[in-house]
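Listed here are the chains, written in short residue letters.
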Amino acid sequence: MSYSKDVIDRVIEENDIVDIVSNYVSLKRSGKDFKGLCPFHHEKTPSFNVSQEKQLYHCFGCHASGNVITFVMNIENIGFKEAVEFLADKAGIKIEEENLSGIEYQKKKLKEEIYEINRLAAIFYYKCLYSRSGQAALKYLYDRGIDDVTIKRFGLGYSPSSGLELLKYLKEHKYSIDTMVNAGLISKSNNGGFYDRFRNRVMFPIIDEKNNVIGFGGRVLDNMKPKYLNTPETIVFKKGKTLYGINYAKKTREDKFIIVEGYMDAIALYQSGIDNVVASLGTALTLEQGKLIKKYKNIVVISYDADEAGVEATIRGLNLLDELNLNVNILTVPNGKDPDEYVRKEGFDAFKKLLEKTDTLIEYKIKKYKQDLDLNNPADRIKYIKKVCKDLSTINDKVKRDVYVSIVAKDAQIPENTIRAEIDQFVKGFVQNNKKTRYTVGNNRHNIKYSGIKKIPSLKYLIALLLIDNKLYDKVKEKLDINDIDDELLKSVITFIFERLEDGGHVDIKDLSFMLDNAKLRDEFNDIFDILYSEKEINEKIVDDCIREIIKDDLSRKIVRIKKEIDDSYIAGDIEKERELLVQLQNYEKEMLKLKNG
């Protein structure tokens, strides 16, 4: 365990789940609880619920459930320990280093070393840019319209061509070769020597949302390949998890990010006066980048290069951001120019006018479908109708949908009612695929208000019931022997509960939160959280059903095992043992029959 149970309990107590979730989801009060659009799956009608009383969340659409720690883990895409640290920082709780395990302490120290060595490297590159050796790099930036103020603002620099200057500089600052390698600043040659990873390149420090220099991008000044080189994956740098310029853009008042593809696009727009711009580091947007955007803004304008590769990257990013319930818009720069080139030639005002003429997601897709298909061809026309109708089925606003229905009907030369009928088919399919679930214990349905059926292991259900009502313990203890439980993971959970209650103590889900550090147990807890959130009424029949199913499962395993032992005894010719086992088998089968008959 990374941190003590006391530390974890305090972190949970000091972070109200409604306050934390509200940073990512627009919540509205609904009775005693709060409701909003689920951040973990695409939906148009809110089904994500947060209970301030229970300090739990549950989505009735995708069945994501948990507490404040699991929410942060999933929304931030981080581990248990990082989520505890994140929440501790939010609450102003200082976590002492003695709470860290040996491995975690070493990992923390390595991160701190890499942040510091990267900061020094950035200073080194910046100084080199204004040195004699950096004149070509400086001219390149000036030629691209970047001034000294912007250069300093973004910490742009130059990596000398010799390949040894940074290595020498860092050695003088007492850094080891291992730390330099771990930071991705130097590489090892075939002959066993070491050299600077970045050579004769314009350097772009990559800074995270907490203002740490986590890595670098380097743009070549000669014919060396690749044209752009990034820091390799390190303990602090994951290319698909950050956005270039996020440290500045996150501070802007406008609830919008403009997303471009490359470093120069972001820098050029920023210098022109557009400060809410970030770059996806030359790649198609990832889920982690989408979540990072969602953390700060609700509106997105994507402005990638207008070549075919840029269009494909845009489509991938659009779908991902839409699934995160972001308001997505697309800015197409005319004449195949990238944003950097356009703003340099046409200026700030011209780019601002483009921002006023962006396409919505559906408008952009309709344009792309029409470009890629021949609507005079019946087969292509059918493809066009089905593609657009699938997209239109996700629009709840009837007026907006009807406007697009009219456009599509005109494009496809068919009646509007035909388009509406096709949309309705997609809507029905969506509803069918998202039916809610009723939990069952054995063959008995219970009072969780779902319409489908989902079988949940009885032991998980029983654990949840004990957490809801500790008074059930005496009844459960009387009828259930823990040794009858075969699942070692869940056995550890119910054993902990039994031990706490046996001593006359109280136990609730917060007391078990330290177990979420175990990845396998964390998966098991989702159903338990689900029941804790949804179960309204508990009666003796539910408890009896759970216990009976657990005993039946145990008997089933014993019957399978004893049948194998009977076969082995028969083969070995041990008649006496075979008889004894047959008697045991009959007893087990009688018990099973008795349980089945109630």
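*Asks:* How would you summarise the nonpolar core if you had to cite specific residues and measurements?
*Replies:* Counting 84 residues, the largest nonpolar core has Ile 69, Leu 462 and Phe 525 as the members making the most contacts within it. A per-element tally of this core places helix 24 (residues 540–572) first, with ten residues. Ignoring anything within four residues of it in the chain, the contact list for Phe 525 reads Val 493, Ile 509, Leu 512, Met 515 and Leu 516. Counting 63 residues, the second largest nonpolar core, distinct from the first, contains Leu 166, Val 202, Ala 268 and Leu 354.

*Asks:* Tell me what's going on with the sheet that holds strand 14 (residues 299–302), and back it up with residues and numbers.
*Replies:* Two modes of strand pairing occur in sheets, parallel and antiparallel, and in both the strands are linked by backbone hydrogen bonds. With respect to topology, five strands assemble into an open sheet ordered 13-12-14-15-16, the strand pairing being mixed. One side of each edge strand has no neighbouring strand; the edge strands of this open sheet are strand 13 (277–279) and strand 16 (359–360).

*Asks:* I'd like a rundown of helix 16 (residues 361–372), residues and numbers included.
*Replies:* Over its twelve residues, helix 16 extends 17 Å from the first C-alpha to the last, a length consistent with the 16 Å expected when each residue adds 1.5 Å. For helix 16, the full list of buried residues reads Leu 361, Ile 362, Tyr 364, Lys 365, Ile 366, Lys 368 and Tyr 369.

*Asks:* Before we move on, can you summarise the sheet that holds strand 10 (residues 213–220) with the specific residues and values?
*Replies:* Pairing in this open sheet of four strands is antiparallel, and the strands run 6-9-10-11 from one edge to the other. Of all strands in the sheet, those with a lone pairing partner are strand 6 (157–159) and strand 11 (228–230), marking the two edges. Sheet twist, expressed as the mean angle between neighbouring strand axes with direction ignored, is 35 degrees. In terms of strand pairing, strand 9 (residues 201–207) meets strand 10 through seven bridges, oriented antiparallel. The residue bridging Val 202 from the neighbouring strand is Arg 219, located in strand 10. Of the strands in this sheet, strand 6, strand 9, strand 10 and strand 11 touch helix 6 (residues 135–143), which is tilted by about 70 degrees from strand 9. Seen against the sheet, helix 11 (residues 263–272) touches strand 9, strand 10 and strand 11 and runs at an angle of roughly 75 degrees to strand 9.

*Asks:* Break down a nonpolar patch on the surface for me, with residues and values.
*Replies:* On the surface, a cluster of nonpolar side chains totalling about 260 Å² of accessible area is made up of Val 399, Val 403 and Ile 407. Mapped onto the fold, Ile 407 is located in helix 18 (residues 398–412). Exposure remark for Ile 407: the relative accessible area of 36% places this residue in the partly exposed category.

*Asks:* Mind laying out the packing of aromatic side chains, listing which residues take part and the relevant values?
*Replies:* One pass over the structure, following the stated rule, counts 24 aromatic pairs. Taking the centre distance of 5.7 Å and the plane angle of 65 degrees together, the rings of Tyr 24 and Phe 71 count as edge-to-face. One end of the pair, Tyr 24, is in the loop between helix 2 (17–21) and strand 1 (28–30); the other, Phe 71, is in helix 3 (residues 68–76), with 47 residues separating them in the sequence. Plain terms: the ring middles of Phe 60 and Tyr 533 are 6.2 Å apart, the flat faces sit at 70 degrees to each other, and that makes the pair edge-to-face.

*Asks:* Please set out helix 24 residue by residue, giving values where relevant.
*Replies:* Taking 1.5 Å of rise per residue, 33 residues should cover 48 Å, and helix 24 covers 48 Å from first to last C-alpha, within 8% of that figure. One or two steps after helix 24, the chain reaches Gly 573, where phi turns positive at roughly 75 degrees.

*Asks:* Pulling in residues and values, what's your account of the pairing of strand 9?
*Replies:* Buried residues dominate strand 9, accounting for seven of its seven residues. Burial along strand 9 is two-sided: the residues Arg 201, Met 203, Pro 205 and Ile 207 and Val 202, Phe 204 and Ile 206 are all buried. Sheet topology places strand 6 next to strand 9; three bridges connect them, and they run antiparallel. Residue pairing across strands places Ser 159 opposite Arg 201, the latter belonging to strand 9. Here strand 9 folds back onto strand 10, and the loop between the two strands holds five residues, one of which, Asn 211, carries a positive phi near 70 degrees.

Calculation rules
Residues numbered from 1 in each chain as written. Predicted model: local features only at pLDDT ≥ 70, side-chain atom pairs only at ≥ 80, totals over all residues. Heavy atoms only, no water. Core = buried A, V, L, I, M, F, W, Y, C linked by side-chain atoms within 4.5 Å. Buried < 20%, exposed > 50% of the residue type's maximum accessible area, 1.4 Å probe, protein only. Helix = DSSP H or I, 4+ residues; strand = E, 2+ residues; numbered from the N terminus. Contact = heavy atoms within 4.5 Å. Pairing = 2+ DSSP bridges. Expected span 1.5 Å × (residues − 1). Axes fitted to C-alpha atoms, helices over the stretch in contact; angles between N-to-C directions. Patch = residues over 30% accessible without salt bridge, like charges linked within 9 Å, V, L, I, M, F, W, Y side chains within 5 Å. Areas by Shrake-Rupley, 256 points an atom, 1.4 Å probe, with all protein chains shown as cover. Salt bridge = Lys/Arg side-chain N within 4 Å of Asp/Glu carboxyl O. Phe/Tyr/Trp six-rings, centres within 6.5 Å; stacked < 30°, edge-to-face > 60°.

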